[in-house]
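Coordinate inspection notes
Each chain, letter by letter, is given below.
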Amino acid sequence: MRILVVEDEIGLAEAVGAILRSEKYTVDIANDGQAGLEYALSEDYDCIILDIMLPKMNGLDVLSCLRVKEIETPVLLLTARSETDDKIKGLDCGADDYMTKPFSMGELLARVRAMTRRRSIVPDINPKYGDITLEMKKGEMICGGNSVALGRKEFQMLELLISNAGQITTKEQFVTKIWGSDDESEYNNVEVYISFLRKKLAMLHSDVQIKTRRGIGYCLEGAK
Ligand code: CA
């Protein structure tokens, strides 16, 4: 597995590189956004770890550029605590996950494992619920004649909701199955993605709704 680390704090970049190499990953390091983009466009990586605040080109612009060029490599964004808005923007422009600095190397490895593992599983049945179908290969949600692209996390969350149809999916289940973590601070992420999904369901005029069961989790409604 080949991983690209784009981080301008040299010490941090080297430390991340060293821990990944010790886990047998092949690692390339870029220290500014422009170099990061060049690496990402010229090699096929299994995962990209991308800092947001970077010289020459910021991480969000690098990410947007990659997604525009249809490079779907999983991206883990690194953010400073003060960059909450960037975090939301990052998820919106196609990041798969993010971590707030400072983070532990153990947590980083867990995220990388979760991201690279998911990429290798390509099931071939398209889950359905009510009037919506998840098109696995294209990563789309279809309703009637319309479709909308889902980010990787959105897709996985909806898939989990569908596979648990008729029962409640807890925030804890989302966090363990999708983020590969058991950290309660991830619960906010679940809320962010649920709101993205609701917007997309509304956009397609679907009858399906994601209902909140306060303090417990979420469930789907709207299957006839
Ligand atoms: Ca930085």
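Being a predicted model, the structure only gives us computed values, none of them experimental.

Comments concerning the coordination of the calcium ion
The calcium ion binds to the protein through Asp-8 (OD), Asp-51 (OD) and Met-53 (O), with metal-donor distances spanning 2.1 to 2.3 Å. Sequence spacing of the donor residues for the calcium ion, all on one chain, is D-x42-D-x1-M. For Met-53, a relative accessible area of 51% gives the class exposed.

Describing the sheet that holds strand S10 (residues 169-170)
Spatially, three strands are ordered S10-S12-S11 in an open sheet, and the strand pairing comes out antiparallel. At either end of the open sheet lies a strand with only one pairing partner, and these are S10 and strand S11 (209-213). Relative to strand S12 (residues 217-221), S11 runs antiparallel, the two sharing five bridges. Residue pairing in the sheet places Arg-213 in a bridge with Gly-217 of S12. Packing against the sheet, helix H8 (residues 187-203) makes contact with S11 and S12, and its axis sits at approximately 150 degrees to S11.

Re the side chain of Asp-97
Mapped onto the elements of the fold, Asp-97 is located in strand S5 (residues 97-100). If we skip the residues at most four places from it in the chain, Asp-97 touches Val-75, Leu-76, Leu-77, Arg-111, Met-115, Lys-153 and Trp-179.

A short note on the domain arrangement of the protein
Size of an interface, as often reported, equals the accessible area lost when the parts are brought together. The assigned domain composition of the protein is domain 1 (2-117) and domain 2 (128-221). In this structure, domain 1 and domain 2 have C-alpha centres spaced 25 Å apart. Domain 1 puts 14 residues into the contact, and the matching count from domain 2 is ten residues. In total, about 930 Å² of surface goes out of reach between domain 1 and domain 2, with carbon and sulfur atoms giving 42% of it. A per-residue breakdown of the area domain 1 buries against domain 2 is headed by Leu-91, Asp-96 and Arg-111, which together make up 44% of the total. Our count for the contact surface shared by domain 1 and domain 2 stands at two salt bridges. A salt bridge links Arg-152 to Asp-96; the shortest N-O distance between them is 2.5 Å.

Some details on the packing of helix H7 (residues 171-179) against H8
In contact at an axis separation of 9 Å, H7 and H8 are set at 90 degrees when each is read in the N-to-C sense. The orientation of H7 relative to H8 falls into the category roughly perpendicular. Contacts between H7 and H8 involve Lys-171, Glu-172, Phe-174, Val-175 and Trp-179 from the first element and Tyr-187, Asn-189, Val-190, Glu-191, Tyr-193 and Ile-194 from the second.

Considerations on the sheet that holds strand S9 (residues 146-149)
Spatial ordering of the open sheet is given by S6-S7-S8-S9, a layout of four strands whose pairing is antiparallel. In the strand order of this sheet, the two ends are held by strand S6 (128-129) and S9, each with one partner. As defined by bridge partners, strand S7 (residues 132-135) adjoins strand S8 (residues 140-143) across four bridges and the pair is classed as antiparallel. Following the sheet pairing, Thr-133 is matched in S8 by Ile-142.

Topic: the side chain of Lys-101
The topology assignment puts Lys-101 in the loop between S5 and helix H5 (105-119). Classification of Lys-101 as buried rests on a relative accessible area of 15%. Side-chain polar atoms of Lys-101 contact the side chain of Asp-51, separated by 3.1 Å.

Notes on unusual backbone geometry
Residue Pro-102 is reached from Lys-101 by a cis peptide bond, and omega for that bond is -5 degrees. Tracing the chain through its elements places Pro-102 in the loop between S5 and H5. At Lys-56, a position not held by glycine, the phi torsion is positive, near 75 degrees. Take Lys-56: it is sitting in the loop between strand S3 (47-51) and helix H3 (59-68).

Quick word on the packing of aromatic side chains
Describing an aromatic ring pair means giving the distance of the ring centres and the angle of the ring planes. A full pass over the atoms with the stated rule returns three aromatic pairs. A centroid spacing of 5.7 Å and a plane angle of 85 degrees characterise the contact between Tyr-193 and Phe-196, whose relative ring orientation is edge-to-face. Of this pair, Tyr-193 and Phe-196 both sit in helix H8, three residues apart, which is roughly one turn of that helix. In this pair, the class of Tyr-193 matches that of Phe-196, namely buried. Members of the aromatic cluster, joined through ring pairs, are Trp-179, Tyr-193 and Phe-196. The cationic tip of Lys-153 hangs over the ring face of Trp-179; the distance from NZ or CZ to the ring centre is 5.2 Å.

What counts and how
Residues numbered from 1 in each chain as written. Predicted model: local features only at pLDDT ≥ 70, side-chain atom pairs only at ≥ 80, totals over all residues. Heavy atoms only, no water. Donors = N, O, S within 2.8 Å, 3.2 Å for Na, K, Ca; no water. Buried < 20%, exposed > 50% of the residue type's maximum accessible area, 1.4 Å probe, protein only. Pairing = 2+ DSSP bridges. Helix = DSSP H or I, 4+ residues; strand = E, 2+ residues; numbered from the N terminus. Contact = heavy atoms within 4.5 Å. Axes fitted to C-alpha atoms, helices over the stretch in contact; angles between N-to-C directions. Domains from an automatic or database assignment. Buried area = accessible area lost by both parts, 1.4 Å probe. Salt bridge = Lys/Arg side-chain N within 4 Å of Asp/Glu carboxyl O. Parallel < 35°, antiparallel > 145°, perpendicular 65-115°, else oblique. Polar contact = N/O pair within 3.5 Å; in protein donor to acceptor, adjacent residues only side chain to side chain. Phe/Tyr/Trp six-rings, centres within 6.5 Å; stacked < 30°, edge-to-face > 60°. Lys NZ or Arg CZ within 6 Å of the ring centre and 35° of its normal.

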